[in-house]
Amino acid sequence: MGDPVAEYTSRLQEQEREIRRLSAEIESLKNPQNLSASPHLDGLREENARLKYRLNILKRSLQDERSHCTKYMMNINQQLQEIFGEAIRASCPELDNPPLAVTPNQQAKFGDYQCNSAMAMAQMLKAKGIKVNPREIAERIVQNIPDNELIQKTEIAGPGFINIHLKRTFVSKLLSNLLVNGVQPPPLASRKKVVVDFSSPNIAKEMHVGHLRSTIIGDSMCRLFEFLGYDVLRLNHVGDWGTQFGMLIAHLQDKFPNYLDVCPPISDLQAFYKESKKRFDEEEDFKRRAYQCVVKLQSKEPDFIKAWNLICDVSRKEFQKVYSCLDIQIIERGESFYQDMMTAVVKEFEEKGLVELDEGRKIVFAPGQSIPLTIVKSDGGYTYDTSDLAALRQRIFDEKADVIIYVTDSGQGTHFQVVFAAAQMIGWYDPQVTRVEHAGFGVVLGEDKKKFKTRSGDTVRLMDLLDEGLKRSMDKLKEKDRDKVLTLEELTKAQTSVAFGCIKYADLSHNRINDYVFSFDKMLDDRGNTAAYLLYAFTRIRSIARLANIDDATLRKAAETTEVLLDHEKEWKLGKCILRFPEILQKILDDLLLHTLCDYLYELATTFTEFYDSCYCVEKDRQTGEVVKVNMWRMLLCEATAAIMAKGFDILGINPVQRM
């Protein structure tokens, strides 16, 4: 059986296309010039009536199809754009691709959303020699708004802004759907394949704060795509190949000559790496042996492959400690995976005449790029450029990816720009069809605004950082006397949730393009836009029903039978804020900037506080403290807020707790 959601979505899109086509035909039939030019006026009038009848049937059918999809959250902004898009096209058919701008209103007194297209349309008409007042265009747009179930009324303000007021009954219905069906994203037209390349530490080296950013940001992007229904492949492009393995294997042979029979007890691979590097720089004989080891490794001699695997396994165990702490799922596919594909990549560029020789190197210039790619070194070896081209080709042709995202520091932006340009030049992908993008990020700074280092000037080890987070988290919980009210198990869960949640949120709440200052004091502060504040807010919201002795079964039943009233201005504000969730996710899908979700969750939490301070959810006897009245529709608003916050946390990779 096919996926019914995909079938509905496909039919919806087909019908929308036909509606647009029929609308255009009706508009052309209305044109008197067309009528006078035709000898069959009666036939045309009959055709016009038939088309209108068919158009109305299709519109009704479209609404019926949408009513079948009520289990999914609706992107209200997207629906309003469809409605106003149709109205704009009907009001100014002489404009090709007229601008469509619908945004949430910042001030409640001006309505809920605003359409600002009229002014830009007036400028476009002026360029065509047609002078029209923007307010007049706004009036035409309003007159052409099709029948819909979203809009209560519209008002034209100022030079031509159209203020949009939503129907409260419709918003209430959407909230009820959310409560009954859970947080379900709008259905996808087709299930696309997404590859996210992130984390990517180097074998035999410690993971540092740069890898922390890539790991946290990449994991959150994967979680977003997974929630929205995409097929996601999470790849760890580790540095597990290259000349450095020659010196590591040579040092292993000297230090643990029986490594083939007894697993060498290498506990500190960083120190092992430094020892081998020192010998490589100082001992000529050792350097020569290291180069011989590289040749034998690349020839895949069994003893050398075993030595390589031993070194990689020690690193993997260290990496896994970090991934386990941060709850990261990722598939290792390092540079070694692509070694056998590189020869074919070089050959393909050569056969298409795209390779130039430069002092023994083979280089490739891509259109519009001033820096070439070096695909073969003068000694015949391959480079990172060759490896990245091979990886990109494999992901396009073997994985059949529709979207490929590289999450690395911004310093690699130029490199990826050239790699992507070369891949387009050779015809591997069309950017209009396949999305290939570098999601760069800034560096982590210390509180002195310099690169984050230890006091001795060394790079901060990631596990040391995570351990410090756990210690500080426990100190903060004890400072608030949480150890006196929570069980040991609850306290430990809260410690982990706060420590790792705060580290992730501090990163994700900043625009990834910018550098950010790492500060435990700021990230553990429970005031302002921090994970600590949001986690406390979430547990408070979850406790409201518990303290009123309302169980989950009662809330589920109420969701099906109780109308969510939105009469108070704070109820209305909270209801609309909850339903903006799909709009927020769509924006992040477009620009891959996750701080938008953090800003939204903070706005949702503060909007909830306004609501809770103004609207009684549970009324108690002042003397006895007993519950005398429960306003169930408000309890449902609490539940809807918590459901959205929980899903937002999940996308950010944060694990909230029930008690804190």
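Scoring rules and cut-offs
Residues numbered from 1 in each chain as written. Predicted model: local features only at pLDDT ≥ 70, side-chain atom pairs only at ≥ 80, totals over all residues. Heavy atoms only, no water. Buried < 20%, exposed > 50% of the residue type's maximum accessible area, 1.4 Å probe, protein only. Helix = DSSP H or I, 4+ residues; strand = E, 2+ residues; numbered from the N terminus. Pairing = 2+ DSSP bridges. Right-handed = clockwise from strand over helix to strand, strands pointing away. Axes fitted to C-alpha atoms, helices over the stretch in contact; angles between N-to-C directions. Polar contact = N/O pair within 3.5 Å; in protein donor to acceptor, adjacent residues only side chain to side chain. Contact = heavy atoms within 4.5 Å. Parallel < 35°, antiparallel > 145°, perpendicular 65-115°, else oblique. Nonpolar A, V, L, I, M, F, W, Y, C, P; charged D, E, K, R; others polar. Salt bridge = Lys/Arg side-chain N within 4 Å of Asp/Glu carboxyl O.

Looking at an unreviewed UniProt entry, one finds the chain named Arginine--tRNA ligase, cytoplasmic and attributed to Myripristis murdjan.

**Student:** Looking at this structure, how should I read the pairing of strand β6 (residues 231–236)?
**Tutor:** Regular strands place their side chains on alternate faces of the sheet. The element β6 is extensively covered by neighbouring structure, given that 5 of its 6 residues are classed as buried. Pairing between strand β5 (residues 193–197) and β6: 5 bridges, direction parallel. Within the sheet, the bridge partner assigned to Val-195 lies in β6 and is Leu-233. Crossover handedness for the path β5 to helix α8 (residues 209–227) to β6: right-handed. In the sheet, β6 pairs with strand β7 (residues 331–332) via 2 bridges, with the strands oriented parallel.

**Student:** Even after reading the chapter, I still don't get the sheet that holds strand β8 (residues 356–358), so can you show me in this structure?
**Tutor:** By way of backbone hydrogen bonds, the strands of a sheet pair with one another, either parallel or antiparallel. Spatially, 3 strands are ordered β8-β9-β10 in an open sheet, and the strand pairing comes out antiparallel. The open sheet terminates on both sides in strands that have one partner only, identified here as β8 and β10 (373–376). Recorded for the sheet is a direction-independent mean angle of 45° between the axes of neighbouring strands.

**Student:** Got a minute to help me understand the sheet that holds strand β2 (residues 113–115) in this structure?
**Tutor:** The sheet built from 4 strands is open, its strands ordered β1-β2-β4-β3 with antiparallel pairing. Each end of this open sheet is capped by a strand with a single partner; those strands are β1 (102–104) and β3 (151–157). Strand-to-strand twist across the sheet, computed as the mean angle between neighbouring axes with direction ignored, equals 25°. Taken together, the 6 bridges between β3 and strand β4 (residues 161–166) define a ladder with antiparallel strand orientation. Looking at β4, one finds that Ile-151 is bridged to Leu-166.

**Student:** Can you walk me through helix α22 (residues 581–591) in this structure?
**Tutor:** Residues lying three or four places apart along an α-helix face the same way, a consequence of the helix completing one turn every 3.6 residues. Along α22, the positions that sit buried rather than exposed are Phe-581, Pro-582, Glu-583, Ile-584, Leu-585, Ile-588 and Leu-589. With its phi angle positive at about 60°, Leu-592 sits one or two positions after the end of α22.

**Student:** It is not clear to me how the side chain of Lys-193 should be interpreted in this structure. Could you clarify?
**Tutor:** By the element assignment, Lys-193 lies in strand β5. A polar side-chain atom of Lys-193 sits 3.2 Å from the main-chain carbonyl oxygen of Glu-399. Those residues within four positions of Lys-193 in sequence are excluded, and the remaining contacts are Asp-231, Leu-233, Glu-399, Lys-400, Ala-401, Asp-402 and Val-403.

**Student:** Is there a simple way to think about the pairing of strand β9 (residues 361–364) in this case?
**Tutor:** Summarising the sheet, β8 and β9 pair through 3 bridges and their orientation is antiparallel. By the bridge assignment, Leu-357 is partnered in β9 with Lys-362. As consecutive antiparallel partners, β8 and β9 are separated by 2 residues, and within that stretch Glu-359 has a phi angle of approximately 50°, a positive value. Here 3 bridges tie β9 to β10, and the two strands are oriented antiparallel to one another. The residue of β10 that forms the bridge with Ile-363 is Thr-374.

**Student:** I'm lost on the packing of helix α13 (residues 342–351) against helix α14 (residues 384–397) in this one. Help?
**Tutor:** When two helices pack together, their arrangement is given by the angle between the helix axes and the distance between those axes. The interhelical angle for the contact between α13 and α14, taken along N-to-C directions, is 90°, at an axis separation of 9 Å. The pairing of α13 with α14 is recorded here as roughly perpendicular in orientation. Packed against α13, whose contacting residues are Met-342, Val-345, Val-346, Glu-348 and Phe-349, the element α14 presents Thr-386, Ser-387, Leu-389, Ala-390 and Arg-393 at the interface. Residues belonging to the contact of α13 with α14 are distributed by class as follows: 6 nonpolar, 2 polar and 2 charged.

**Student:** How should I be thinking about the pattern of salt bridges in this particular structure?
**Tutor:** When their charged atoms lie close together, side chains carrying opposite charge are able to pair. In the structure shown here, the tally under the stated rule is 45 salt bridges. A salt bridge links Glu-155 to Lys-153; its shortest N-O distance comes to 3.4 Å. Relative accessible area serves as the criterion here: at 30%, Glu-155 is assigned to the partly exposed category. Salt-bridge contacts for Asp-313 lead to Arg-316; the nearest nitrogen and oxygen are separated by 2.5 Å. Taken together, the residues Asp-313 and Arg-316, both in helix α12 (residues 302–326) and 3 residues apart, mark about one turn of the helix. Of the residues examined, Asp-313 reaches a relative accessible area of 34% and is grouped as partly exposed. Here the salt bridges do not stand alone but share partners, grouping Asp-219, Arg-223, Glu-226, Arg-234, Asp-327, Lys-647 and Asp-650 into one network.

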